[in-house]
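Structural overview
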Amino acid sequence: MNKEKHFSSMGKSTRAIHSGKLADSLFGEVSVPIFQSSTFAFPSAEEGAARFSGESPGFIYTRLNNPTVNALEDSVASLEQGFGGMATATGMAAISTVFMTYLHQGAHVVSTDSVYGSTRVLLEMELPRFGAQATFVDTSDPEKMRKALRPETRMVFIETPTNPTMILTDIEAAAQIAHQAGAILVVDNTFASPYLQRPLQHGADLVVHSLTKFLNGHSDVVGGMIVAGDEENFKKIRRVLSLFGGTMDPHQAWLILRGVRTLPLRLERAQENARHIAAFLSTHPKVTWVRYPGLPEHPQYAIAQKQMDGFGAMISFGVKNGLQGGVTVMNHVKIITLAVSLGGVESLIEHPASMTHASIPRKEREEAGILDELVRLSVGCEDFEDLREDLDQALNQIP
Ligand code: LCS
């Protein structure tokens, strides 16, 4: 934490490559070693006591802190330009840790309606057991967000762009609305990644990530991250994370750190492909609509330009013949892989209404814009022409 300050004035690619290094190396190693140790020896009983009291910064036990995990935390915090990062076992562990830190009996959350399916189920079906309630609204409309506030609202939780509807929320407006109500603003920044969007700079208090996606980028590890904008929130969350125990393993951290090093390269390539694919889909006779923040007809195109450095590599689109049309496309793609998850070097396609968002009741799902005809595409780093041909032949199978 905080030893990254000297990188803060540097560019995003330099930070992706150089932040998250150890302060002292053993042999001049260039890659951060994997400290595969559950516990750390104290040189003396006095030093052990000093570490527990916080007077000495040394390591104690991997659930609390680990040098490899710390390196990843520093790296993502540096990219987000936040105070400090806390790595978690999965993205859901990051989100649930934030809920466990700030919510209590009677607390209320205002959330984007089309958040990732498991986030919505957690808020809607699990948190009420602990006495907390959530209201789901289209947060792209600041008035709807404002009207959903209650005196007991403690948190505004937004996802922008949303999974899978690609709707954007104005982060600055959301921060103002949350703060006027005495609530904190939490942003799930998974879809954009800090390479394209840094919510803390727009007034958010916390950022959460599924590192499983673009930050790791190779579809081989799950992981999560919470980045706090200030020390007070950082300390509050770190305590709860250590107690509830959803922390990250050093080997997992090392693999994800390896992915972070190439985030700028991967994302530049993938979003270039996505831009061309969005244009191609927009003119395809079997496609009914396309939602990509880089298309001028996107309802929040102006917000994308204001708060994002690029439009990303996620696209959702509707196909003719509704659900059956989507099934046809997914069963005929050859290069693009039919799988959930996103943000890897390989393009992935899925059907949210029957897969990632199936556990949300149909009425609520449709109100949130997750229609049967919606197909979600995570564009990877392959050659554009191959992706275009693959999509074209699969779409043309729709009668
Ligand atoms: N936030 C967003 C925006 C996500 O898309 C996901 C996972 C999570 C949080 C949770 O992260 P995890 O615990 O899986 O690391 N999204 C998935 C998806 O769309 N398909 O499979 C997982």
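Note that the coordinates shown come from a computational prediction; the quantities given were computed from them, not determined experimentally. (Residues numbered from 1 in each chain as written. Predicted model: local features only at pLDDT ≥ 70, side-chain atom pairs only at ≥ 80, totals over all residues. Heavy atoms only, no water.)

**Thoughts on helix α10 (residues 263-282)**
Cut-off, in case you're wondering: Where helices and strands are cited, they refer to DSSP runs of H or I of at least four residues and of E of at least two residues respectively, numbered from the N terminus. A helix's residues, less one, multiplied by 1.5 Å, set its expected span. Each residue's exposure class comes from its accessible area (1.4 Å probe, protein chains only) as a fraction of the maximum for that residue type: buried when under 20%, exposed when over 50%, partly exposed otherwise.
Taking 1.5 Å of rise per residue, the 20 residues of α10 would be expected to cover 28 Å, and the 27 Å separating its terminal C-alpha atoms lies within 8% of that figure. Leu263, Pro264, Arg266, Leu267, Ala270, Gln271, Asn273, Ala274, Ile277, Ala278, Phe280 and Leu281 are the residues of α10 that are buried.

**Things to note about the site of the ligand**
Our working definition: Summary of the distance rule: residues count as near a molecule or strand when at least one heavy atom falls within 4 Å of that molecule or strand. Between N or O atoms, a polar contact is any pair within 3.5 Å; within protein, one atom must be a potential hydrogen donor and the other a potential acceptor, and residues adjacent in sequence are included only when both atoms are from side chains. Here, Shrake-Rupley sampling with a 1.4 Å probe gives the accessible areas, and only protein chains in the shown set may cover a residue.
Not every one of the 18 residues close to the ligand is listed here, only the nearest: Met92, Asp188, Ser210, Thr212 and Arg376. Between the ligand and glycine 91, the relevant distance is 2.9 Å, taken from an oxygen atom to a main-chain nitrogen or oxygen of the residue. In this structure, a nitrogen atom belonging to the ligand sits 2.6 Å away from a side-chain N or O atom of aspartate 188. When isolated, the ligand has an accessible area of 480 Å², and the protein chains bury 92% of it. Per element, the largest residue contribution to the shell around the ligand is three residues, and it comes from helix α4 (residues 91-102).

**Points about the domain arrangement of the chain**
Put simply, an interface is often sized by how much accessible area is lost when its parts join up. This is how it is decided: Domain start and end points were adopted from an automatic or database domain assignment. What makes two residues a contact is simply this: any of their non-hydrogen atoms within 4.5 Å. Here the buried area means the combined drop in accessible surface, using a 1.4 Å probe, for two parts upon being joined, counting both sides. Every case where a carboxyl oxygen of Asp or Glu lies within 4 Å of a side-chain nitrogen of Lys or Arg is listed as a salt bridge.
Partitioning the chain into domains gives domain 1 (5-261) and domain 2 (263-395). Each of domain 1 and domain 2 was reduced to a C-alpha centroid, and the two centroids are 26 Å apart. Contacts between the two partners involve 45 residues from domain 1 and, on the opposite side, 43 residues from domain 2. Here domain 1 meets domain 2 over a buried area of about 3,500 Å², counting both sides, of which 60% is carbon and sulfur. Linking domain 1 with domain 2 are four salt bridges, by the criterion used here. Between aspartate 309 and lysine 12 there is a salt bridge whose closest N-O contact spans 3.0 Å. Along the contact surface separating domain 1 from domain 2 lie 24 residue pairs in polar contact (both at pLDDT 80 or more).

**Section: the packing of aromatic side chains**
Put simply, the rule reads: For Phe, Tyr and Trp, where Trp contributes only its six-membered ring, two rings pair if their centres lie within 6.5 Å, and the inter-plane angle classes them as stacked under 30 degrees, edge-to-face over 60, or tilted in between. We call a charge positioned over a ring when the NZ of a Lys or the CZ of an Arg lies within 6 Å of the ring centre and within 35 degrees of the ring normal.
For the coordinates displayed, the defined rule picks out five aromatic pairs. Directly above the aromatic system of tyrosine 195 lies the positively charged group of lysine 12, at a separation of 4.1 Å from the ring centroid. Lying over the aromatic face of phenylalanine 136, arginine 120 brings its terminal NZ or CZ to 4.1 Å of the ring centre.

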